[in-house]
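Letter by letter, the chains look like this.
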Amino acid sequence: MAEHTVTLFKPYSFYEGQKINIEGGPRKGDWEVVGVTDRKVKLRCPISNREFEWNRFCYFTEERSEMQWPQED
């Protein structure tokens, strides 16, 4: 198999009390994590104190060179 540069996406492991900044999209800005389940994350705006619960949506990305793609299971 050939080697390629591949971008990897992994669900991000939030924890309660975490201060985060989302750099883009409709949820852009600063948030505090106030609740986490396997499927949902609850965030609080530090300015308005409004809370929102969403399906988990943030992913950590990384790019690796010389990686086999597609991967064999």
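A brief look at the structure comes next. Small disclaimer: the values here were computed from a predicted structure and weren't measured. (Residues numbered from 1 in each chain as written. Predicted model: local features only at pLDDT ≥ 70, side-chain atom pairs only at ≥ 80, totals over all residues. Heavy atoms only, no water.)

A tally of helices and strands in the chain yields zero helices and six strands. In the chain, the succession of helices and strands from N to C terminus is β-β-β-β-β-β. What you see for the chain is a C-alpha radius of gyration of 16 Å, clearly larger than the 11 Å of a compact globule of 73 residues, by over 25%. A principal-axis box enclosing the C-alpha atoms of the chain has dimensions of 50 × 25 × 20 Å. (Helix = DSSP H or I, 4+ residues; strand = E, 2+ residues; numbered from the N terminus. Rg over C-alpha atoms; globule rule 2.2 N^0.38 Å.)

Reading across from one edge, β2-β3-β4-β5 is the order of the four strands in this open sheet, with antiparallel pairing throughout. What marks the edges here is a single partner per strand, and that holds for β2 (19-22) and β5 (51-55). On average, each strand axis in the sheet is tilted by 40 degrees relative to the strand beside it, whichever way the strands run. For strand β3 (residues 29-36) and strand β4 (residues 40-44), the ladder comprises four bridges, and the chain directions are antiparallel. Residue pairing in the sheet places Gly-35 in a bridge with Lys-42 of β4. (Pairing = 2+ DSSP bridges. Axes fitted to C-alpha atoms, helices over the stretch in contact; angles between N-to-C directions.)

As for its placement among the helices and strands, Gln-18 is situated in the loop between β1 (3-11) and β2. Take Gln-18: its relative accessible area is 6%, and that puts it in the buried class. For the pair Gln-18 and Gly-35, spaced 17 residues apart in sequence, the C-alpha separation works out to 9.9 Å. For Gln-18, the contacting residues outside a window of four places in its chain are Tyr-12, Ser-13, Trp-31, Glu-32 and Val-33. (Buried < 20%, exposed > 50% of the residue type's maximum accessible area, 1.4 Å probe, protein only. Contact = heavy atoms within 4.5 Å.)

The subject of this paragraph is the nonpolar core. Within the largest apolar cluster, 10 residues are counted, these being Phe-14, Ile-20, Ile-22, Trp-31, Val-33, Val-41, Leu-43, Cys-45, Trp-54 and Cys-58. Elements with a minimum of two residues in this core: β2, β3 and β4. Leaving out residues up to four positions away in the same chain, Trp-31 has contacts with Gln-18, Lys-19, Ile-20, Ile-22, Leu-43, Arg-44, Cys-45, Pro-46, Phe-52 and Trp-54. (Core = buried A, V, L, I, M, F, W, Y, C linked by side-chain atoms within 4.5 Å.)

So far we have only geometry, and geometry alone does not tell us how the molecule works.
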